[in-house]
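Summary of structural features
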Amino acid sequence: MDPGVEGESGLWSGEELDLDAYLARIGYEAERDGELAADLRTLTALHRAHVRAVPFENLDVALGRPVPLDLKSLQAKLVERPRGGYCYEQNSLFAAVLERIGFTVTGRGARNRSRGAALPPVTHALLVVAIEGEQWLADVGFGWQGPLEPVPLRDGARVEQSGWTFGMAVEDEGIHVLRSLRPQGWTDLYAFSPQTLYPGDFTVMNHYSSSHPQSRFLGQVVAQRPGEDERRALVRDTLSTVRTDGVVEERPVPVNELIATLEGLFGIELDDEERTGLERVHPAGP
């Protein structure tokens, strides 16, 4: 790597990472999946394994707890327990992994466009990885709508990932837009500028999302998984499932099924205090 680039500076604390524990957590085996190297094959394999193994969830926010982003805390929660996390946690951990392996990785901040025409603040954190002169979007923290693998940062790029199709468009001022192809056509997921963000910027956005009264993460349980055959999302007391053909199924999750749903469908390990607290947050809770 060139001297002075972010991947060499240790900004993401990659030198503190227990890489073997992380690889075990996501089920990556060198003999089967290939030796680690700072190349596209490794990035793709790690990205897919991470989103398969580590669920998107906001449970600490729902419980009124702080959400630390230091690597020690992230490893304890997402690797050792196992739990999941939302974008700042997931992509901060993934950035440390990539940095440790030798990738050049930088942060970006995006506006979520998946909820319609409103103009929200920049609250989503993602990564950009440079490989042999080409840039790739890497985002293991967008939940059930997110990509399974990296997406090239080229205008007009289109990639199919296990039946799910994503595209990249470039608008005025160099704004990149990640898009998803649905039965009704292309849908924007989020838009981001080329401005580099750093761990401190993720901390500021995390503070808003974990504590501001207008944050969509406060006061409700959110858990999501971007699977290959189908994708699942639990928001408050509704479980939604979407398949590659676009068919969406929804069903209510009563309070007596909440913990089994989080642990069984999303693979989130909870202790007794968390189980009791989350049941209280449920709209029909005790």
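One structure accompanies this document, and this report is about it.

The next thing to look at is the overall build of the chain. If you tally the helices and strands in the chain, you get 10 helices and 13 strands. Its C-alpha atoms give the chain a radius of gyration of 18 Å, within 12% of the compact-globule value 19 Å for 286 residues. Based on the C-alpha atoms only, the size of the chain along its principal axes is roughly 55 × 45 × 40 Å. A buried classification covers 50% of the 286 residues belonging to the chain. Across the chain, the fraction of contacts at a sequence separation of at least 24, relative to all contacts at a separation of at least 6, is 58%. Accessible surface computed for the chain: about 12900 Å², of which carbon and sulfur atoms make up 48%. Averaging the locations of the 28 positively and 44 negatively charged side chains of the chain gives two centres separated by 6 Å.

With that settled, consider the side chain of Q224. Tracing the backbone shows Q224 in strand β10 (residues 222-225). Residue classification places Q224 among the buried positions, given a relative accessible area of 10%. A polar contact is formed between the side chain of Q224 and the backbone nitrogen of W144, at a distance of 3.0 Å. Contact partners of Q224, with chain neighbours within four places excluded, come to P55, F56, F142, G143, W144, R232, A233, V235 and F266.

Tracing the chain through its elements places G85 in the loop between α6 (71-80) and α7 (87-101). Considering only alpha carbons, one finds G85 and Q224, 139 residues apart in sequence, at a separation of 9.9 Å.

Here we take up the packing of helix α9 (residues 255-264) against helix α10 (residues 272-281). Close contact between α9 and α10 brings their axes to 9 Å; oriented N to C, the two are set at 130°. Taken together, the axes of α9 and α10 lie oblique to each other. Note that α9 runs across α10; the crossing there is right-handed. Residues V255, L258, I259, L262 and E263 of α9 lie in contact with α10, whose contacting residues are R275, L278 and E279. For the contact of α9 with α10, a count of residues per class yields five nonpolar, no polar and three charged.

Next up on the list: the sheet that holds strand β8 (residues 176-182). The sheet built from eight strands is open, its strands ordered β5-β4-β3-β2-β9-β8-β7-β6 with antiparallel pairing. Edge strands, defined here as strands with exactly one partner in the open sheet, are β5 (151-152) and β6 (158-161). By the bridge criterion, seven bridges tie β8 to strand β9 (residues 185-192) in an arrangement that is antiparallel. In the sheet register, H176 faces β9, and the bridge partner there is F192. Relative to the sheet, helix α4 (residues 40-53) contacts β3 (122-131), β4 (134-138) and β6, its axis offset from that of β4 by approximately 10°. Lying over the sheet, α7 contacts β2 (104-112), β3 and β4, oriented at roughly 15° with respect to β3.

What follows is about the sheet that holds β10. The five strands lie next to each other as β1-β10-β11-β12-β13, forming an open sheet whose pairing is antiparallel. With one partner strand each, in any of the chains shown, β1 (56-57) and β13 (248-252) form the two edges of the open sheet. Judged from the five bridges that link them, strand β12 (residues 238-243) and β13 form a sheet pairing that is antiparallel. Looking across to β13, one finds that T238 is bridged to P252.

Counting residues in each nonpolar core, the largest one holds 65 residues, and the members touching the most others are Y22, L43, L46, F94 and Y190. The biggest single contributor to this core is α7, with nine residues. Core analysis: the next-biggest nonpolar cluster, separate from the first, contains 14 residues, L234, L239, L258 and L278 among them.

Below, the discussion takes up the environment of I268. Position of I268 among the secondary structure elements: in the loop between α9 and α10. Exposure remark for I268: the relative accessible area of 2% places this residue in the buried category. Spatially, the C-alpha atom of I268 lies 25 Å from that of G14, the residues being 254 residues apart in sequence. With sequence-adjacent residues up to four places away left out, I268 is seen in contact with P55, E57, L59, P82, R83, A223, L262 and E263.

Criteria and thresholds
- Residues numbered from 1 in each chain as written.
- Predicted model: local features only at pLDDT ≥ 70, side-chain atom pairs only at ≥ 80, totals over all residues.
- Heavy atoms only, no water.
- Helix = DSSP H or I, 4+ residues; strand = E, 2+ residues; numbered from the N terminus.
- Rg over C-alpha atoms; globule rule 2.2 N^0.38 Å.
- Buried < 20%, exposed > 50% of the residue type's maximum accessible area, 1.4 Å probe, protein only.
- Contact = heavy atoms within 4.5 Å.
- Areas by Shrake-Rupley, 256 points an atom, 1.4 Å probe, with all protein chains shown as cover.
- Lys, Arg positive; Asp, Glu negative; His and termini not counted.
- Charge placed at Lys NZ, Arg CZ, Asp CG, Glu CD.
- Polar contact = N/O pair within 3.5 Å; in protein donor to acceptor, adjacent residues only side chain to side chain.
- Axes fitted to C-alpha atoms, helices over the stretch in contact; angles between N-to-C directions.
- Parallel < 35°, antiparallel > 145°, perpendicular 65-115°, else oblique.
- Left-handed = near helix turned anticlockwise from the far one by under 90°.
- Nonpolar A, V, L, I, M, F, W, Y, C, P; charged D, E, K, R; others polar.
- Pairing = 2+ DSSP bridges.
- Core = buried A, V, L, I, M, F, W, Y, C linked by side-chain atoms within 4.5 Å.

Structural measurements only, silent on function.
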